[in-house]
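Here are the chains, one letter per residue:
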Amino acid sequence: MTFLRKLALTTALVAGLSAPVAAEDVKFGLLQDFTAVYTFVTGQYNQGQQDYLALVNAEGTLGDGNTVTAIVRDTGNQPQRGIEAYNRAKEEGAVLFDFLSTPVSAAILDQAQADKNVVITPAHGRGDASDGTVFPYVFPMFATYWAQAAALIEHMKETGGLEGKKIAIVHIDSPFGREPGPILQALSEQEKFEFQAFPYASPGNEQSAAWSEVRRYRPDYVLIWGAGGGQAVSVRTAIQNGIRPEQIHSVIWLAETDAANVGPQMKGVKRFEATASGTDHPIIQRIQEKVIDAGKGSGDQANVGTSYYNLGVATMAVAVEAARLGMEGGQPLTGDALKAGFEKIAGFDAEGLMPPVTYTAEDHQGGGAGRVSEWDGEKWVPVSEWHAAYPELIRQVIEESAAKYAAEH
Amino acid sequence: MFYRLSGTYHTSYQADRKLWKIPTDRWLVIGLLVLALLAPLYVSPLYLGSYVLPWVIWSAAALSLTLLMGLAGQLHFGFAAVMAIGAYASIHLVRAGVPFELALLLSGLISAVIGAIFGGAALRVKGLYLVMATLAMQYLVDWVVVNVPAISGGAHATLRTPAVSFLFFPIESLSARYWLALGWAVLLTVFFMNVKRTSFGRALVAIRDKDFAAAVIGVDPFRTKLMAFFTSSFMGGVTGAILAFCFYRAVTPEQFGFNVSIQLVAMVLVGGLGSVIGSWLGAGFVLLAPIFLTNLVSGLAASGWVPVSQNFLSHLPLMIYGAMIIGFLLLEPLGLAKIYDNIRKYFLVWPFRHARS
């Protein structure tokens, strides 16, 4: 095996020396959970990723005949299967990995850092990985949970004021659910509001106990922090307990399927979004035309343009842009070259699909911009402009947490 | 024929009590052991790190659980929690400056004590009711780990294992981690085979078969049941520590969730209750079959054999896997161990047809 690989490598090297620069097939490992916990997002998200990569190959975005291939595997949210899938994809030459699963990402983070492979954790994962000096190969890419919480609080401030108001944060009882805690703590002092946390047990199919407490608290705003089926339950139970939909603000994980599950009373609920939804965007239009209509789509056509589909498209748009920049000058795309490519991205907005992002060696979050959108009964309508809320505070929290991590390891 | 019996005489009690009385069995075991020891030399890092190493560790876990479920007949549906206690205890002990060797033992002891406390429920309840009691342990331990930042490691609940050495060998390279895990699994295997021949082992079996009948013949159910939970939890705790240090190297609460407990029970059942070889085969099957199937189906899809959506593609291996479990259990309810036993017995007298026992 090793001998054969060496032989192949040597042959490739010799061939590479004699021939002009050969076209490269860039490989991305999309090793996600299709069957266990993250099923609410993975299907549409991964479909968007694969369709966008098909578009890249159809249009030759990477130039010089370079192509990109996705290695897609199910990990079932099990770390040991994630480790296997990672090692295998690594052998197959993947330089970028997207696990979309907290336990799997956590189990592989160190190994990927040691292997100098890029791991993207778009809109999920640990927030302090935004500090590129401590986590050089991890890219949260879009607004972290901390930035999302700040954006929602800022929106409350702009729409109804914060001073003296009460915010209830109703969250799933897990590390993910507790993410906004530090941001709320810091902002409550700055903006003079009070808040209280109401956890409910995972997976959140039953939340009546938490919401009857919330009702007694009489909040002015409600922040819901969960994912999957629990989100629809949150919205429904909130409304049953006399909370108006307009008061409800959600983390990024609230989408069209949840709205369908809640029904017409969902109208007015707001959520954070890192990418625009809908099909009215140049990239999505071209996917429709060159990939879907050409019969090369990777899933149900009805999903095109949903929130998670577009999020998937945006992740790959940024990753492909990074790969393109990393390969400039004809060098092969290693993990290091890809990281350098990411850090060359400045003001990239995927033709308006998302806020402009700029990555530097320090900031792997890309600014943390986003906006708030409201469900109008049919679709998500943006109610604020793309921008980053409280960027200094978020940066400070990121750096403190990263410094703590660096000190411990 | 293949397991040649002729010329093999047991002339002393000692010879008759050997673990492997038939030379072929002995040579098979020695051969497998040598192959396992030399694995880092001929297995590629991909297969060693992603297949063989987790298989060895989960076999140790299945052995720990089958001592309780197979030998003592006490159902345990919260065994992942026992391993979690071992994993977290060992990491915090090492971080506090305790040498790794000692930390392994102490983490085993901590798991054993906590496991035995929950096992106390077994003194009053049996069967499904005991399942409920052990489930409570699973959820309580999960809750404590998630809600006590001092245990889980703070906001992101990921705790990295510090660099350690075992008897002066640094446990850093893949081979070193593999050998340590293999050493522990072999130790457990040998212990398990021997415990069946001790008075303690026979007491466990007596309790399993009928606890008040065992009490009548002088086996103390109180002591024996507690000892069963204590021993099994000790083994599980150390296995949890080995899992953390040798395989994951960064622990999160999800690694020891309820679904892992169910996987462990599945390993023990599919392999064959109370069987050593069954624990190894069961762990290998439950752990590796989904991975092999996923890769197989993805390979077929890539070559255009099964043109289906990604979603169906991901669920297809699960369907095959489920069908395989049902198939195996229909074919042989006593598990994979019994299937091996049938094959062995067939060859024991081959080319003749019948074998005694």
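Treat the numbers as computed from the prediction; the structure is a model and nothing was measured.

## Examining the overall build of chain B
- A count of helical and extended segments in chain B gives 16 helices and four strands.
- Computed over the C-alpha atoms, the radius of gyration of chain B is 21 Å, within 12% of the 21 Å expected from 2.2 N^0.38 for a compact globule of 357 residues.
- C-alpha atoms of chain B, sized along the principal axes, occupy 65 × 65 × 45 Å.
- Out of the 357 residues belonging to chain B, those deemed buried represent 50%.
- For chain B, the share of sequence-separated contacts (at least 6 apart) that also reach a separation of at least 24 residues comes to 76%.
- Taken as a whole, chain B presents about 16,900 Å² of accessible surface, with 72% of it coming from carbon and sulfur.

## Focus: the pattern of salt bridges
- All told, the structure shown has 26 salt bridges over all chains when counted by the stated rule.
- Residue Glu213(A) is joined to Arg216(A) by a salt bridge in which the shortest nitrogen-to-oxygen separation is 3.7 Å. Of the two residues, Glu213(A) and Arg216(A) both sit in helix H7 (residues 208–217), three residues apart, roughly one turn of that helix.
- Its relative accessible area of 62% is what places Arg216(A) among the exposed residues.
- We note a salt bridge from Asp211(B) to Lys225(B), for which the minimum N-O separation is 3.1 Å. Pair noted here: Asp211(B) is in helix H11 (residues 211–216) and Lys225(B) is in helix H12 (residues 221–248), with a separation of 14 residues, a long-range link. Here Asp211(B) and Lys225(B) have matching classes, each one buried.
- The network of salt bridges with common partners includes Glu59(A), Arg286(A), Lys290(A) and Glu351(A).

## Comments concerning the interface of chain B and chain A
- Residue-level contacts link 34 residues of chain B with 36 residues of chain A.
- Interface area for chain B against chain A, summed over the two sides, is near 3,100 Å², with a carbon-plus-sulfur share of 53%.
- Put simply, Asp110(A) and Arg160(B) hold a salt bridge, and the shortest N to O gap is 2.4 Å.
- Remark: the boundary between chain B and chain A carries twelve residue pairs in polar contact (both at pLDDT 80 or more).
- Among the secondary structure elements, those contributing two or more residues to the side of chain B that touches chain A are helix H4 (45–71), helix H7 (128–147), H12, helix H14 (276–302) and helix H15 (310–331) of chain B.
- Ranked by residue count, the leading element in the side of chain B that touches chain A is H14(B), at six residues.
- Here the side of chain B that touches chain A is composed, by residue class, of 15 nonpolar, 15 polar and four charged.

## Some points on the environment of Glu84(A)
- Topologically, Glu84(A) is positioned in helix H3 (residues 79–91).
- Note on Glu84(A): relative accessible area 3%, which makes it buried.
- As for Glu84(A) and Ala294(A), which are separated by 210 residues in sequence, their C-alpha atoms are 34 Å apart.
- Excluding residues that lie within four positions of it along the chain, Glu84(A) makes contacts with Leu46(B), Ser50(B), Tyr51(B), Ile291(B) and Asn295(B).

## Details of the confidence of the model for chain A
Residues and elements named next belong to chain A.
- On average, residues of chain A score 89 in pLDDT, and 95% of them are at 70 or above.
- Within chain A, helix H1 (residues 2–18) has the poorest average pLDDT of any element, 47, and strand E9 (residues 248–250) the best, 96.
- pLDDT under 50 marks residues 9–20. Its contacts with residues more than four places away, or in other chains, come to zero contacts.

## What to know about the pairing of strand E11 (residues 371–375) of chain A
Residues and elements named next belong to chain A.
- Most of E11 sits out of view: four of its five residues are buried.
- In this structure, strand E10 (residues 270–273) lies alongside E11, joined through four bridges in antiparallel fashion. What sits directly across from Phe272, in E11, is Val372.
- Pairing of E11 with strand E12 (residues 380–382) involves three bridges; the strand directions are antiparallel. Directly across from Ser373, in E12, lies its bridge partner Pro382.
- Taking the residues that link successive antiparallel strands as the turn, the E11-E12 hairpin has four residues, and the phi of Gly377 there is positive, at about 105°.

## Here's the deal with the domain arrangement of chain A
Residue and element names in this part refer to chain A.
- Each assigned domain of chain A is listed here: domain 1 (23–143 + 277–359) and domain 2 (145–273 + 373–390).
- One C-alpha centre belongs to domain 1, the other to domain 2, and the line joining them spans 28 Å.
- Taken together, the contact between domain 1 and domain 2 spans 17 residues of the former and 19 residues of the latter.
- For the pair domain 1 and domain 2, the summed buried surface comes to about 1,400 Å²; carbon and sulfur atoms form 64% of the total.
- Area buried by domain 1 at its contact with domain 2 is led by Phe40, Ala143 and Tyr308, which between them contribute 34% of it.
- One can count zero salt bridges joining domain 1 with domain 2.
- Between domain 1 and domain 2 we count four residue pairs in polar contact (both at pLDDT 80 or more) in total.
- Looking at the side of domain 1 that touches domain 2, the elements with two or more residues in it are helix H2 (39–59) and helix H11 (307–326).

What counts and how
Residues numbered from 1 in each chain as written. Chains lettered and ligands numbered in written order. Predicted model: local features only at pLDDT ≥ 70, side-chain atom pairs only at ≥ 80, totals over all residues. Heavy atoms only, no water. Helix = DSSP H or I, 4+ residues; strand = E, 2+ residues; numbered from the N terminus. Rg over C-alpha atoms; globule rule 2.2 N^0.38 Å. Buried < 20%, exposed > 50% of the residue type's maximum accessible area, 1.4 Å probe, protein only. Contact = heavy atoms within 4.5 Å. Areas by Shrake-Rupley, 256 points an atom, 1.4 Å probe, with all protein chains shown as cover. Salt bridge = Lys/Arg side-chain N within 4 Å of Asp/Glu carboxyl O. Buried area = accessible area lost by both parts, 1.4 Å probe. Polar contact = N/O pair within 3.5 Å; in protein donor to acceptor, adjacent residues only side chain to side chain. Nonpolar A, V, L, I, M, F, W, Y, C, P; charged D, E, K, R; others polar. pLDDT = per-residue confidence, 0-100. Pairing = 2+ DSSP bridges. Domains from an automatic or database assignment.

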